[in-house]
Amino acid sequence: MKFILPIFTLFLYPLSAPAQTPGWGAPNGCGAPLRWGGEIGPWWGGYNPGGTAADFDGDGDMDIVIFYSIGGGAQNVFAGVYLYENIGNQEKALFSIPRKLPLTKAPLAYDWNNDGRPDLIESGQWRKNLGGFQFADGEKIPRFPDSVRAIADVNSDGVPDLLLSADLAPDAVWPSSAVWKKDEPPYTLDGIWKGGAMRKSLRLLLGQRQRRSIVWKDKGYLLADGVPLEVYGGPDPTFADWDRDGDLDLIVGSQTQLTYYENTGTKSSPRFRRGQRVLAGDAYDLPGIFIHPLAVLWNADALPDLLIFQESGETTWLRCLGHDENSVPRFAAEETLTCREPMLDAGCLAVLSVIDWDRDGDLDIVSGNSYGEVLLFTNSGDDKNRRFDSKTPLTAEGVPIVVKGGANGSIQGPGEAHFGYTCPVASDWDGDSWPDLILADIWGLCSYFERIPGGELKPPRSFRVANGPARSYKPRWVWWKDDGRLVTQWRCQPAAVDWNRDGRLDLITLDAEGCLALYPGTGQPSNALVEAPQRVFLLENDAPIRITNGVGGRSGRARIIVADWDGDGDRDIIRGCTQAGDHEDPHYRDYERVAVWYENTGDDRRFRFRRSLLQHGENVSFCGHATSPAIVDWDGDGRLDLLLGAEDGLVYFFSREYLEKGPSE
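Remember, predicted model here, so these are calculated numbers, not experimental data. Position labels on residues start from 1 in each chain and follow its written sequence. Residues qualify for local features only when their pLDDT is at least 70, as the model is predicted, and side-chain atom pairs are given and counted only at 80 or more; totals for whole chains, interfaces and linings, by contrast, use all residues. Note: side-chain values were computed over all heavy atoms of the structure, leaving out hydrogens and water.

1. Details of the overall build of the protein
Step number 1: For the protein, the helix and strand inventory stands at two helices and 53 strands.
Step number 2: Only C-alpha atoms enter the radius of gyration; for comparison, a globular chain is expected to reach 2.2 Å times N to the power 0.38, where N is the number of residues. Computed over the C-alpha atoms, the radius of gyration of the protein is 26 Å, within 12% of the 26 Å expected from 2.2 N^0.38 for a compact globule of 665 residues.
Step number 3: Considering only C-alpha atoms, the protein reaches an extent of 80 × 60 × 50 Å along its principal axes.
Step number 4: Buried residues are those whose accessible area, probed at 1.4 Å on protein chains only, stays under 20% of the maximum for their type, while exposed residues exceed 50% and partly exposed ones sit between those limits. Burial analysis of the protein (665 residues in total) assigns 58% to the buried set.
Step number 5: Sequence separation of at least 24 residues holds for 54% of the intrachain contacts in the protein that already meet a minimum separation of 6.
Step number 6: To be clear on the numbers: accessible area is Shrake-Rupley with a 1.4 Å probe, and residue cover counts the displayed protein chains and nothing else. Summing over all exposed atoms, the protein offers an accessible surface of approximately 25,800 Å²; the carbon and sulfur share of this is 48%. Secondary structure is summarised from DSSP: a helix means a run of H or I of at least four residues, a strand means a run of E of at least two, and numbering begins at the N terminus for each. Here, residues are in contact when the closest pair of their heavy atoms is within 4.5 Å.

This is the structure in structure tokens:
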């Protein structure tokens, strides 16, 4: 067998919607994702995958079966269980267009009946490999437990053993329960986290044959040097003989790291040494989040390599280079896998800003994501034949722009230290005809990156509130002391537009209580100053537009766009949908699905807005944590269309015709 062990994820959700509805497989303009600009390109996928790999068809190379979750209930995103067939070879992999499998949960690969073919184990169901990528209906495995992370014959007795996820501390879940306390901020005034930590371990269940079935005996925590193995987040284990001494060693993936546990015992009586961090390239931390490693014999050198599945949906390969003098395996830097007919993929939680960034006459896409990056997808074609075939991190003075929450920047705690939730706005803030960058983020802060005409972005300058104490406008759960910076609710994308017609761009975003507010621009643009928030956006009953009444982790997440959607000469507001919406609104669930349109029923002097849906179909939902709309004439017919950044990092295109009439007969 040319597979070693699988990885399994705990996030188990229903399958995504059928292809005839909006989503992957839909016709162009009917909510289909944008394609990468070439027949072959980088791996793409959905949200927070759990994957396994084996030579399922017996042709000598590795195929991949992978499960993508729907992430917060987004039914129409790219989700479910998919097969990526390796149509390349063992040395140079190339993967097919993904094929959906009739499974509902994340599978593990294991030759359950010892016939030489890797089968799939799906939530305690054995699906026999029939060849040709066909698998039998599930046969229940008696006494197979939940929360299984891996199957392995750990003690080499010919009976499969199981590894289960286990908590080492109370409140080891993520996010911690401290996030949901409405009346008590989760940080002290000094920024010390009050909640729990993701202290995770593994439990070992040894298999024993009894008659014609297997009984698993719980041996307790898996020990390393006599104490329970412990990692932060995860854990995701995989086994291989990395030090080439004839027994199985262990690598465990956690939130951003790989930890190696050498087997210093024997093949039949394993004992694991204290964990040591694994170097990949020149870094111990991988750039991804929620690292799911899988040991594979990927090429012909017989060294156990690693496939890495991660929250962004990207799948990468770490080539094993051998081991160091301490028997710790060494790996080359991550390499991205390639596949046929890929989609344009911005990572996880894509937040869009569409503009002619390079001023060549066509539209480019700037996107943020959960990792805190800002990515530029340059249109190398034109607006009639768009071609996106490059993904480049935006830089400021040559340094990639990356935001991280660190130990206390996320309201959901240090478990999000490596998240950034960047929300970019590409807009000409300083009026020099070159788009600058405005960036909101996980902290609730907003930064201005001035662009040198024709050149680089300058280092960021924080937006500040002029002529007033910033504390008056800061959410009450923000722990740090006032330093003059503008602080709004987290993960909100502002609109940058001259709303008050004074010749300066203003910001429109949420205020401290979740209402839509105008922050008028003031002073010199380079100073990034705004005035105190004004609630000028009212519904027809004169109530302010409240997008969320949530606090802490349930706040923010609004993406704001200004456009004349109905073409009547005044400015409307379109926003993305969010699970942090106004839960006191009886119609909350009806609206938080794709995007919401606030029609301006007044004029540009007396603003009154009527709320309605910007979507087609009652059962359509792209809203997991949030959606990100961009309003542009994408198909060149003179009418505004909708692009939508979603949970899975894909960008979905809804033509105006589809939104108004629905799919053609």
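2. Observations concerning the sheet that holds strand β52 (residues 641-645)
Step number 1: Paired strands are those between which DSSP finds at least two bridges. An order of β1-β53-β52-β51 is seen for the four strands of this open sheet, with the pairing classed as antiparallel. In this open sheet, the two strands that pair with only one neighbour each are β1 (30-33) and β51 (628-632). Geometrically, the sheet is characterised by an average inter-axis angle of 25° between neighbouring strands, direction not taken into account.
Step number 2: Looking at chain direction, β52 and strand β53 (residues 651-654) are connected through four bridges and run antiparallel. What sits directly across from L643, in β53, is F653. For helices, the fitted axis covers only the stretch in contact; all axes are lines through C-alpha atoms, and the angles between them, taken along N-to-C directions, range from 0 to 180 degrees.

3. Section: the sheet that holds strand β9 (residues 125-127)
Step number 1: An order of β7-β8-β9-β12 is seen for the four strands of this open sheet, with the pairing classed as antiparallel. For this open sheet the edge positions go to β7 (107-110) and β12 (139-140), each flanked by a neighbour on one side alone.
Step number 2: In terms of strand pairing, β9 meets β12 through two bridges, oriented antiparallel. Each residue of the ladder has a partner; that of Q125, found in β12, is K140.

4. Some words on the pairing of strand β38 (residues 436-440)
Walk down a regular strand and you will see the side chains alternate between the two sheet faces.
Step number 1: Judged by how many residues are buried, β38 sits mostly within the fold: five of five residues are covered.
Step number 2: Covered by surrounding structure in β38 are D436, I438 and A440 together with L437 and L439, the residues of both alternating faces.
Step number 3: Pairing of strand β37 (residues 423-427) with β38, which is carried by five bridges, proceeds in the antiparallel orientation. Paired with V425 across the strands is I438, a residue of β38.
Step number 4: Hairpin connection, β38 to strand β39 (residues 446-449): the antiparallel pair is bridged by five residues, and G444 has positive phi, about 85°.

5. A few points about the nonpolar core
Step number 1: Side-chain atoms within 4.5 Å are what join buried Ala, Val, Leu, Ile, Met, Phe, Trp, Tyr and Cys residues into a set we call a nonpolar core. Ranked by internal contacts, the top residues of the largest apolar core, which has 45 residues, are I64, W298 and L307.
Step number 2: Among the elements that make up this core, the one with the highest residue count is strand β4 (residues 63-69) (three residues).
Step number 3: With sequence-adjacent residues up to four places away left out, L307 is seen in contact with A53, I64, H292, P293, L294, V296, W298, T316, W317 and L337.
Step number 4: Grouped together as the second largest cluster of nonpolar side chains are 36 residues, Y187, L376, I401 and W490 included.

6. Things to note about the environment of A512
Step number 1: Considering the arrangement of structural elements, one finds A512 in the loop between β43 (506-510) and β44 (516-519).
Step number 2: As for A512 and R639, which are separated by 127 residues in sequence, their C-alpha atoms are 35 Å apart.
Step number 3: Excluding residues that lie within four positions of it along the chain, A512 makes contacts with Y473, K474, P475, W477 and Q489.

7. A short note on the confidence of the model for the protein
Step number 1: You can read pLDDT as the predictor saying how much it trusts each residue, on a scale of 0 to 100. Averaged over all residues, the pLDDT of the protein equals 91, while 95% of them reach at least 70.
Step number 2: In this model, residues 1-19 is a region of pLDDT below 50 whose contacts with residues beyond four sequence positions or in other chains number 81 contacts.

8. Looking at the pattern of salt bridges
Step number 1: Salt bridge, as used here: a side-chain nitrogen of Lys or Arg that lies within 4 Å of a carboxyl oxygen of Asp or Glu. Scanning the entire structure with this criterion turns up 25 salt bridges.
Step number 2: One salt bridge connects R639 with E660, and the closest N-O pair in it is separated by 3.2 Å. Separated by 21 residues along the polypeptide, R639 in the loop between β51 and β52 and E660 in helix α2 (residues 656-661) bring together distant segments of the chain.
Step number 3: A residue is classified by how much of its surface remains accessible, and R639, at 34% relative accessible area, is partly exposed.
Step number 4: E660 sits in the partly exposed class, given a relative accessible area of 48%.
Step number 5: A network of salt bridges, in which partner residues are shared, links D637, R639, R656 and E660.

9. Notes on unusual backbone geometry
Step number 1: In this chain, G234 is followed by P235 through a cis amide linkage whose omega measures -5°.
Step number 2: Topologically, P235 is positioned in the loop between β19 (231-232) and β20 (236-240).

10. Regarding the pairing of strand β3 (residues 47-54)
Step number 1: When you tally the buried positions in β3, you get eight out of eight residues, the bulk of the element.
Step number 2: Where β3 meets β4, six bridges bridge the pair, whose relative direction is antiparallel. From the neighbouring strand, Y47 faces β4, where its bridge partner is S69.

11. A short note on the packing of aromatic side chains
Step number 1: Each aromatic pair joins two rings of Phe, Tyr and Trp (for Trp, the six-membered one) with centres within 6.5 Å, and gets the label stacked for planes under 30 degrees apart, edge-to-face for over 60, and tilted for any other angle. The final tally for this structure, using the stated rule, is 34 aromatic pairs.
Step number 2: Measuring from centroid to centroid gives 6.1 Å for F388 and W634, while their planes differ by 5°, and the two rings are stacked. Of the two residues, F388 is situated in strand β34 (residues 388-393) and W634 in the loop between β51 and β52; the sequence distance between them amounts to 246 residues. Of the two residues examined, F388 and W634, each falls in the buried class.
Step number 3: Three or more aromatic residues link up through ring pairs in this structure, and these residues are W24, W44, Y68, F78 and Y82.
Step number 4: Criterion for a charge above a ring: Lys NZ or Arg CZ within 6 Å of the ring centre, and within 35 degrees of the ring normal. Just above the ring of W490 sits the side chain of R491; from NZ or CZ to the centre is 4.6 Å.

12. Describing the side chain of T315
Step number 1: Structurally, the position occupied by T315 is in strand β26 (residues 315-318).
Step number 2: Polar contacts, as used here, are pairs of N or O atoms within 3.5 Å; protein pairs need one atom able to donate a hydrogen and one able to accept it. Residues neighboring in sequence count only if both atoms are side-chain atoms. Polar side-chain contacts of T315 include one of 3.3 Å to the side chain of W43.

13. Here's the deal with the side chain of K474
Step number 1: With respect to the helices, strands and loops of the structure, K474 is situated in the loop between β41 (464-465) and β42 (495-497).
Step number 2: Separated by 2.5 Å, the side chain of K474 and the backbone oxygen of W480 make a polar contact.
Step number 3: Residues within four places of K474 in sequence aside, it is in contact with W480, K481, D482, V487 and A512.

14. Notes on the environment of V497
Step number 1: Residue position: V497 is located in strand β42.
Step number 2: Separated by 69 residues in sequence, V497 and D428 place their C-alpha atoms 9.5 Å apart.
Step number 3: If we ignore the near neighbours within four places in the chain, the residues touching V497 are L505, D506, I508, V562 and R571.

15. A word on the state of the cysteines
Step number 1: By disulfide we mean two sulfur atoms from cysteines, separated by a distance within 2.5 Å. If you walk through the whole model with that rule in mind, you get zero disulfides.
Step number 2: Among the cysteines around C423, which has no disulfide bond, C492 carries the closest sulfur, lying 7.1 Å off.
Step number 3: The exposure class of C423 is buried, given its relative accessible area of 1%.
Step number 4: This cysteine, C623, is not joined by any disulfide, and C577 carries the nearest cysteine sulfur, 5.4 Å off.

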